[in-house]
Amino acid sequence: MTVQLLVSEWCPTCPNAEAVWRQVAAEKDIRFAVVDLAQPEGRELASRLRLKTVPAVVIDGKLAAVGVQSAAEARALVAAAPPRPKGHAYHAGMMLSQDNRAFVVSAMGYLALSGLALLLQGSFLPDGAFRPVAMHLFGAGFVLMLIYGLGAHMLPRFTGNPIRSGAWAWLQLALAHTGVVAYAAGFLLGLRWLAAVGGLCMWLALAVFAGRIFPVLKGTEEVKEGLPIKPTS
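Note that the structure is predicted; figures quoted are calculated from it, not measured.

**Quick word on helix 7 (residues 167-189)**
Step number 1: Taking 1.5 Å per residue, 23 residues should reach 33 Å; helix 7 reaches 32 Å between its end C-alpha atoms and fits that length.
Step number 2: Inspection of helix 7 places Ala-169, Gln-172, Leu-173, Leu-175, Ala-176, Gly-179, Val-180, Ala-182, Ala-184 and Gly-186 among the buried residues, and these make up the whole buried set.
Step number 3: Tucked into the core, helix 7 has its buried residues touching helix 4 (98-114), helix 6 (130-159) and helix 8 (192-218).
Step number 4: Just downstream of helix 7 lies Gly-190, where phi reads positive at about 70°.

As structure tokens, then:
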């Protein structure tokens, strides 16, 4: 069963509809995708079904509902679908997922920490032992975490392919945090082994991220199974 939620960035109620359907998509084994009116597929879908309002729910190519459904109403629309197995990929929508939001919030936190150098020593790149730590907090903490969060959100939208989230995303976040903290602490305490552990954890986080993003960019058969169907004339 394929469920497409047609939305638009100017629609004030579309985020509410997306939140409901993401909850249902996590429970039911449906191929769920958020389709923006700004995308060619969204315009084609709206034209074929003569849609004049969003959000709209399209199930297996047919208009099923318009407006914001309750969770119970959404479940009723896909009652025939079996429960969702764990570990499946999900399409990105308009809203940041919880894991991507955690990456972005973490990035802001590391930016604030790296900025402490300005308050404590009057320079963003101070002299002494804190200099590599400040650079590390900014580069590996702020920049890399921001890339993780926004990359995992935007690339699936740009390619139309889903991305694996869930346990893999949270493992990546844990490895990234461990790497940043251990590496910075290793420099401050003069413990090379701790800095090496931090570097290893950061490399593992990059490896997990690459493993999640590569299928999105390549469009493997495993990922294509979660793509929405194309409208038929």
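On we go from here.
**Things to note about the confidence of the model for the protein chain**
Detailed reading of the predicted coordinates is not advisable wherever pLDDT falls low.
Step number 1: In this model, the protein chain carries a mean pLDDT of 81, and residues with pLDDT of at least 70 account for 82%.
Step number 2: Across the protein chain, element-level confidence peaks in helix 8 with a mean pLDDT of 92 and bottoms out in helix 9 (residues 221-224) with 38.
Step number 3: Within the model, pLDDT remains below 50 along residues 220-233, and this stretch shows 31 contacts once partners closer than five positions in the same chain are excluded.

**Structural notes on the nonpolar core**
Step number 1: Membership of the largest hydrophobic core comes to 27 residues, with the highest contact counts inside it found for Val-3, Leu-6, Trp-21 and Phe-32.
Step number 2: Elements with a contribution of two residues or more to this core: strand 1 (2-7), helix 1 (14-27), strand 2 (31-36), helix 2 (40-49) and strand 3 (56-59).
Step number 3: Take this core: its biggest share by element is six residues, from helix 1.
Step number 4: If you look at the next biggest cluster of nonpolar residues, it comprises 25 residues, including Ala-107, Ala-140, Leu-175 and Ile-213.

**Describing the state of the cysteines**
Step number 1: Counting across every chain of the model gives one disulfide.
Step number 2: A sulfur-sulfur separation of 2.4 Å characterises the disulfide bridge that pairs Cys-11 with Cys-14. Measuring the twist about the S-S bond at about 95°, one finds the Cys-11-Cys-14 disulfide to be right-handed.

**Observations regarding the sheet that holds strand 1**
Step number 1: Spatially, the four strands line up as an open sheet ordered 2-1-3-4, and their pairing is mixed. The sheet is open, and its two borders are formed by strand 2 and strand 4 (62-66), each paired with just one other strand. Geometrically, the sheet is characterised by an average inter-axis angle of 25° between neighbouring strands, direction not taken into account.
Step number 2: The pairing of strand 1 with strand 3 spans four bridges and is classified as antiparallel. Bridge pairing in strand 3 places Gln-4 opposite Val-58.
Step number 3: Running over the sheet, helix 2 touches strand 1, strand 2, strand 3 and strand 4 and is turned about 95° from strand 1.

**Looking at unusual backbone geometry**
In most cases, non-glycine residues show a negative phi, while peptide bonds are predominantly trans.
Step number 1: Here Val-54 and Pro-55 are connected by a cis peptide whose omega angle stands at 5°.
Step number 2: Within the secondary structure, Pro-55 is located in the loop between helix 2 and strand 3.
Step number 3: You will see that Arg-50, though not glycine, has its phi angle at about 55°, which is positive.
Step number 4: Turning to its location among the elements, Arg-50 is positioned in the loop between helix 2 and strand 3.
Step number 5: Of note, the phi angle at Asp-60 is positive, near 50°, even though the residue is not glycine.
Step number 6: Note that Asp-60 resides in the loop between strand 3 and strand 4.
Step number 7: The exposure class of Asp-60 is partly exposed, given its relative accessible area of 43%.

What counts, and where the lines are drawn
- Residues numbered from 1 in each chain as written.
- Predicted model: local features only at pLDDT ≥ 70, side-chain atom pairs only at ≥ 80, totals over all residues.
- Heavy atoms only, no water.
- Helix = DSSP H or I, 4+ residues; strand = E, 2+ residues; numbered from the N terminus.
- Expected span 1.5 Å × (residues − 1).
- Buried < 20%, exposed > 50% of the residue type's maximum accessible area, 1.4 Å probe, protein only.
- Contact = heavy atoms within 4.5 Å.
- pLDDT = per-residue confidence, 0-100.
- Core = buried A, V, L, I, M, F, W, Y, C linked by side-chain atoms within 4.5 Å.
- Disulfide = S-S within 2.5 Å.
- Pairing = 2+ DSSP bridges.
- Axes fitted to C-alpha atoms, helices over the stretch in contact; angles between N-to-C directions.

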